[in-house]
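# Chains, contacts and geometry: an overview
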Amino acid sequence: MSDASTALPRRLHENVLLGVLGLVIVVWSLLPIYHMVVLSLTPPREGFAGHLWPVNPTLANYVTVLTQADYYLAQFWQQLGNSALIAVAATAIVLACSLMASFAISRLRPRFGSLVSYLALVAYFVPATFLAIPFYQVMGTYGLLGNQLALVLCVVAFATPYAIWVLQQNAHTLPDELDDAARIDGAGPLQMFTLIYVPLMLPTIVAVGAFALMLSWNEYLYAFLLLSDESRFTIPVMLGQFMADDAAPWPLLMTSGVIYMLPPTALYYVARQFQSSGMMSGSVKG
Amino acid sequence: MRRLGLILSTAVMLVGTTGALAADLTIWWTKGTTEVEDNTLKDIVARWEKETGKTAELSFYATGDTEAKVLTALKAGSPPDLTFDFGFDLAYTPTWAFEDQLADLTSVIEPVKAEFQQGALDSVYLLNGATGQRAYYAAPWVQMTPHVHYWKDMLETAGFGEADLPKDWQPFWDFWCDAVAPALRDKGERVYGIGQGSSTTSNDPYLIMHIYLNAFGAQVVAPDGTLQISQPETREKVIAALNSYVKPIKAGCVPPDAVNWGGADDNTSFLNRKNLVAMNPTLSIPLSQKADNPDVYANALRTVPWPNGADGAPTPTIISVKQILSFKASPNPDNAKSFLALLLKPETIGPMLQANGGRWVPVMPKLLADPFYSQSTDPHVAAMYKQFTESATTPLPHTYNRLYAKVMQEQLWQKAMGRIVIDGWETDKAVDELAERMTALLAE
Amino acid sequence: MTTPATNNALAPSADLRRRGQLLSFEEAWALFFILPFALVFVLFIAYPIAYALYLGSDLSAYPRVLTDPIYLLTLQNTFVFIVFGVGLKMLLALALSSFFVLPGRGVRIISALFLLPWVAPHIPSILSIRWMLNSDWGMINTLIFKLFHVDGPAWLTQPSYGMLSIITVHIWKYLPFWTMIIVAARLGIPKDLYEAAKIDGASPSQQFRYVTFPAIAGVFLTSTMLSAIWSLGDFNSIYLLTGGGPMERTNTLATMGIRYAFRKADFEAGIVTMMSALPVLVPLIIVLLRRLREQR
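Residues numbered from 1 in each chain as written. Chains lettered and ligands numbered in written order. Predicted model: local features only at pLDDT ≥ 70, side-chain atom pairs only at ≥ 80, totals over all residues.

### Some remarks on the overall build of chain B
Tallying secondary structure elements over chain B gives 21 helices and 14 strands in all. Expressed as lengths along the three principal axes of its C-alpha atoms, the size of chain B is roughly 70 × 60 × 50 Å. For chain B, buried positions account for 51% of its 444 residues. In chain B, of all internal contacts separated by at least 6 residues, the share reaching a separation of at least 24 is 75%. (Helix = DSSP H or I, 4+ residues; strand = E, 2+ residues; numbered from the N terminus. Buried ≥ 20, exposed ≤ 12 C-beta atoms within 10 Å, placed from the backbone. Contact = placed C-beta atoms within 7 Å.)

Rendered as structure tokens:
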């Protein structure tokens, strides 16, 4: 085992060993996703055959899903739209709140700044599941049960603390001289925020935004609890219904799953190009 | 900054407008087995909207999800106006009526009272603990009784005919486990015998267990409401019934995942020919095949009466009357009643149930007398009609003692099965635990 | 990183502040900027937490939970899940980080694929595993039957196999994230440390022991604690795989709490169940707060 620093030519048997390890890693990582794809290519009637590869591969399931030709998927596009709308709305609010708060804490440095960042950190640590019960009831108090806004606010509540934490860490690396120069030029906090802070934080904004989008896109528990009409469901809730339904066509469930997986996968690889490993590095700095 | 604000407010507005616009009537309903079933209800809702000029919001959920949604919404003070799920009559209605949580539907039931079977009316004429009075606290709309299904074609592939099937209780089940399934396995088919569910997440095992109790003559609650389970004679019968229930599970004749089957997994497993026999409270299994596989529906699948009980006499079946509920805290009680009045007209619900293909049995004698049921040439509907009209029935124990609903709520029977098949307990020890908890629940 | 003290000395706002105003000009602005988050925090985090504590103060809920025979088993499952799920995951992450820090195109491609489980939405991917592991018709047992003509184990419905499957799925899902955290930390170790070690004749394993591990021990510990906290809240790996079954035998505190609240409408019991994790959760959060604040 050598580290990045030791870029010496590796010996053959080491390469073979690493090749085997690499193969194991790839099989381990991809098997469930491969299985999902296999089922998506399997005719609905053969979903129970347990084949290792699609015996009669067909794209019919994709046609069925995309044309909403099955009863279970009658609102697929509407629900995909809900997922997207909620994710975008939540991300916009997360970015607005976290950019403003992190700017205040790290650039304006008020006396109460450390208290705010402390609270954000605590909120970041609390496992979201543990707040599901009171969150549901509180949403009832606000009259938002069944409303998609409730899910948006839930994502906002859980993604903003993380976003603040990451933004704040990266904000500290911006030189103070920038702000001082701006102040001398007569810029107020508003100009400092829009003209200096936001543009310079763009790479982190991409990372944090991608995080919020994915959190929202993935959310199942809260979506199930908070939404209450098929036309307002997000895709995860719709897919969850398959678990409890008679004669549910699982190949179609897996097909929708493959389709639902594409946007976050694409987003992730794009964001990765934008800022390598930045999506995670902020979350645990040591 | 301004741009951010703009994005923010647009986003909020976009989401806000698609959010809940309060309808005049909210209905939460358990999804049917087929698209047709849901559409028949949608049609009536649309008709109500047209006739009244009001708006209704009808949401469908999977079995069990409706119950969970209603339970939490009730607690949060925001129940729907009307709702139906399979578990209500078994586990909740008597308790909720007693706790004064349900809307009094007497004004809806009274005018059409003459149309209903007496048993259906009795099942919803419930005591309210707050007023000390009985009233109609639910609307009976259909009824069901568990059926036995098997794959006739697989039986034949195994080298047997329907004439080979034993008529008596234990021999009937043993035949599938000891003869049919092994014969198919010898041919290389990976198939199990009986789809005997025992999960706490499904209501079916509860209903079917009560048929097993009937087969062994075990009356857990006497008609005067007293609990009998601890009396030696009854206890022996309960042990025998439970032993019969878990026998195929312990013998590996049941798909291993049946201990964790949800309300629909038994259908899924059976329909995909992973097991030979299924027991199900409605005709949902055959009906799911009717449209796409008429040949399977007509020839391969069979619906048969229960085998004779331990004493050799026909096993009495149980009937569960399904109910539509409205709550005291429901926001639009008048609209709920106006919709129910429309739905419960024989000329509305009759065609609706026929369009469903006969999954449900009507609770109105006039409708049941319709040739659609009484002279059906459909093998499954005919078998169902026969079971309803010819079999003796026993009421479920909660009819005699409303507190027994908590036994269902806590899924005590399934927990006892779990003790035996998962923890390896002896049956009498599991029954002791069951009896102790049951006594505590009914002592309140 | 610069310390707050020196920053303040440079900032003009600090001068204003010392003049004893209640809020300086920039602090007033800071208040404005913090307002949206403050609102979110109060309405959707602080209020729910307070509400949870209020529900948890209902003493009548405690006997309901404590006398439930499933409760002790749930505690035990949670312990097993955290110790093995988090422990194995973090050790594997540490081991695999040695692979992913290697240079080369092949490693980069594999690392991109390795991250897919983390990127894939929970619902379809975990349901895919659920289908694959179905003892009746899943791919795995079908294969076992074809090869050996015997029925494979009940992966999801025999309680101990169920826990094993749950832990495996948890690791599958979250291993990539933590591996990459450790990889990032390892890539940040100054190269001259390795050069010096090599000059001293250190073997690769000695390099790992004396250079790599000390340098990343802090991140590793922080990550393990953070992962333990979040794993306590892992609902999907359990709910989507076994639903807590059979007969509630594979629940953890998170799924049991949700089950109480949303299947039985017993919110108080749900909160009480989850609050059983507080004796572990609160110290972990306090230690983590200290660690992360110190490092800034």
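### Some details on the overall build of chain C
The helix and strand inventory of chain C stands at 16 helices and zero strands. Overall, the C-alpha framework of chain C stretches about 80 × 65 × 30 Å when taken along its three principal axes. Across the 296 residues in chain C, those meeting the buried criterion constitute 52%. Counted over contacts in chain C with a minimum sequence separation of 6, partners at least 24 positions apart contribute 64%.

### Here we look at the interface of chain A and chain C
Accessible area lost on assembly of the parts is the figure often given for the size of an interface. If you look at the interface, chain A gives 83 residues, while chain C gives 93 residues. Per-element tally for the side of chain A that touches chain C: the top contributor is helix H1 (residues 12–40) of chain A, with eleven residues.

### Focus: the confidence of the model for chain B
Residues and elements named next belong to chain B. Looking at chain B as a whole, the pLDDT averages 90, with 95% of positions reaching at least 70. Ranking the elements of chain B by mean pLDDT puts helix H1 (residues 2–18) last with 50 and strand S3 (residues 82–84) first with 97. With pLDDT under 50 throughout, residues 16–20 is counted as low confidence; its partners more than four residues away or in other chains account for seven contacts. (pLDDT = per-residue confidence, 0-100.)

### Notes on the domain arrangement of chain B
Residues and elements named next belong to chain B. By the assigned domains, chain B splits into domain 1 (22–144 + 320–374) and domain 2 (147–318 + 395–442). One C-alpha centre belongs to domain 1, the other to domain 2; they are set 28 Å apart. Listed per partner, the contact involves 19 residues of domain 1 and 22 residues of domain 2. Here the side of domain 1 that touches domain 2 is built from residues that sort into eight nonpolar, ten polar and one charged. (Domains from an automatic or database assignment. Nonpolar A, V, L, I, M, F, W, Y, C, P; charged D, E, K, R; others polar.)

### A word on the packing of helix H2 (residues 35–52) of chain B against helix H15 (residues 346–355) of chain B
Residue and element names in this part refer to chain B. Look at H2 against H15: their axes get within 9 Å of each other, and the N-to-C directions meet at 160°. Taken together, the axis directions place H2 and H15 in an arrangement best described as roughly antiparallel. Note on packing geometry: the crossing formed by H2 with H15 is right-handed. Along the contact surface, H2 presents Val36, Thr40 and Ile44, while H15 presents Thr348, Met352 and Ala355. Broken down by class, the residue content of the contact of H2 with H15 amounts to four nonpolar, two polar and no charged. (Axes fitted to C-alpha atoms, helices over the stretch in contact; angles between N-to-C directions. Parallel < 35°, antiparallel > 145°, perpendicular 65-115°, else oblique. Left-handed = near helix turned anticlockwise from the far one by under 90°.)

### Section: the packing of helix H14 (residues 253–263) of chain C against helix H15 (residues 267–275) of chain C
Each pair of packed helices gets described by two things: the angle between the helix axes and the distance between those axes. All names here are of chain C. Following both chains from N to C, one finds H14 and H15 inclined at 170°, their axes separated by 7 Å at the closest point. Here H15 runs roughly antiparallel to H14, going by the angle between their axes. Judged by residue contacts, Leu253, Ala254, Met256, Gly257, Ile258, Tyr260 and Ala261 of H14 engage Phe267, Ala269, Gly270, Thr273 and Met274 from H15. Classifying every residue of the contact of H14 with H15 by side-chain character gives nine nonpolar, three polar and no charged.

### Here we look at the sheet that holds strand S8 (residues 192–195) of chain B
Residue and element names in this part refer to chain B. Strand order in the open sheet made by the four strands is S8-S9-S7-S10, with mixed pairing throughout. Of all the strands in the sheet, just S8 and strand S10 (301–304) have a single pairing partner and so form its edges. Direction aside, the axes of adjacent strands within the sheet are offset by 15° on average. Both S8 and strand S9 (residues 275–280) contribute to a ladder of three bridges, which runs parallel. Within S9, the residue paired with Tyr192 across the bridge is Asn275. (Pairing = 2+ DSSP bridges.)

### Structural notes on helix H3 (residues 76–108) of chain A
Residue and element names in this part refer to chain A. Here H3 contains 33 residues, and its C-alpha end-to-end distance of 46 Å stays within 8% of the 48 Å for a straight helix at 1.5 Å per residue. The buried fraction of H3 amounts to 26 of the 33 residues, a majority that puts the element mostly inside the structure. Remark: Arg109 follows H3 within two positions and exhibits a positive phi of approximately 45°. (Expected span 1.5 Å × (residues − 1).)

### Looking at the confidence of the model for chain C
All names here are of chain C. The share of residues in chain C with pLDDT of 70 or more is 92%, and the mean pLDDT across the chain is 88. Below a pLDDT of 50 lies the segment residues 1–18, which in the model reaches 20 contacts outside its immediate sequence neighbourhood of four places, other chains included. The ipTM for the predicted assembly is 0.88, set against a pTM of 0.89.

### Here's the deal with the pairing of strand S2 (residues 56–61) of chain B
Residue and element names in this part refer to chain B. Summarising burial for S2: five of the six residues are buried, a large majority. When strand S1 (residues 25–30) meets S2, the two strands line up parallel, connected through six bridges. By the bridge assignment, Trp28 is partnered in S2 with Ser59. Crossover connection from S1 via H2 to parallel S2: handedness right-handed. (Right-handed = clockwise from strand over helix to strand, strands pointing away.)

### Observations regarding the domain arrangement of chain C
By the assigned domains, chain C splits into domain 1 (24–57) and domain 2 (70–294). Measuring from the centre of the C-alpha atoms in domain 1 of chain C to the corresponding centre in domain 2 of chain C gives 32 Å.

### Description of the sheet that holds S2 of chain B
Residue and element names in this part refer to chain B. Read across the sheet, three strands follow the order S2-S1-S3 without closing on themselves; strand pairing throughout is parallel. At either margin of the open sheet sits one strand with a lone partner, and together these are S2 and S3. In this sheet, neighbouring strand axes are inclined to one another by 10° on average, regardless of whether the strands run parallel or antiparallel. Strand direction decides the pairing type here: S1 and S3, joined by three bridges, are parallel. Across the sheet, the residue bridging to Trp28 is Thr83, located in S3. Strand contacts of helix H3 (residues 65–75): S1, S2 and S3, with the helix running at about 140° to S1, the strand carrying the most contacts.

### Concerning the pairing of strand S12 (residues 320–324) of chain B
Note on strand geometry: in a regular strand, side chains alternate between the two faces of the sheet. All names here are of chain B. By the criterion of burial, S12 is predominantly enclosed, with five of the five residues buried. Both faces of S12 are covered, namely the face carrying Ser320, Lys322 and Ile324 and the face carrying Val321 and Gln323. Alignment of strand S6 (residues 139–144) against S12, held across five bridges, turns out to be antiparallel. Across the sheet, Gln143 pairs through a bridge with Val321, a residue of S12.

### A look at the environment of Ser230 of chain B
Residues and elements named next belong to chain B. One can find Ser230 in the loop between helix H9 (204–215) and helix H10 (232–250). The partly exposed category is assigned to Ser230, around which 14 C-beta atoms lie within 10 Å. For the pair Ser230 and Pro395, spaced 165 residues apart in the sequence, the C-alpha separation amounts to 20 Å. Discounting chain neighbours no more than four positions away, the residues touching Ser230 are Arg235, Ala435 and Thr439.

### Section: the environment of Glu219 of chain A
Residues and elements named next belong to chain A. Secondary-structure assignment places Glu219 in the loop between helix H9 (202–218) and helix H10 (221–226). Glu219 sits in the buried class, given 27 other C-beta atoms within 10 Å. Counting along the chain gives 132 residues from Glu219 to Ala87, while the straight-line C-alpha distance between them is 9.8 Å. In this structure Glu219 touches Leu151, Val155 and Pro236, once residues within four positions along its chain are discounted.

### Let's talk about unusual backbone geometry
The step from Gly245 of chain C to Pro246 of chain C runs through a cis peptide bond, and the omega angle for that step is 0°. Its place among the elements puts Pro246 of chain C in the loop between helix H13 (236–239) and H14. Even without being a glycine, Arg109 of chain A presents a positive backbone phi close to 45°. Considering the arrangement of structural elements, one finds Arg109 of chain A in the loop between H3 and helix H4 (113–125). Looking at Arg109 of chain A, the number of C-beta atoms within 10 Å reads 21, which means it is buried. Although it is not a glycine, Glu248 of chain C adopts a positive phi angle of roughly 65°. With respect to the secondary-structure elements, Glu248 of chain C resides in the loop between H13 and H14. Residue classification places Glu248 of chain C among the buried residues on the basis of 24 C-beta atoms within 10 Å.

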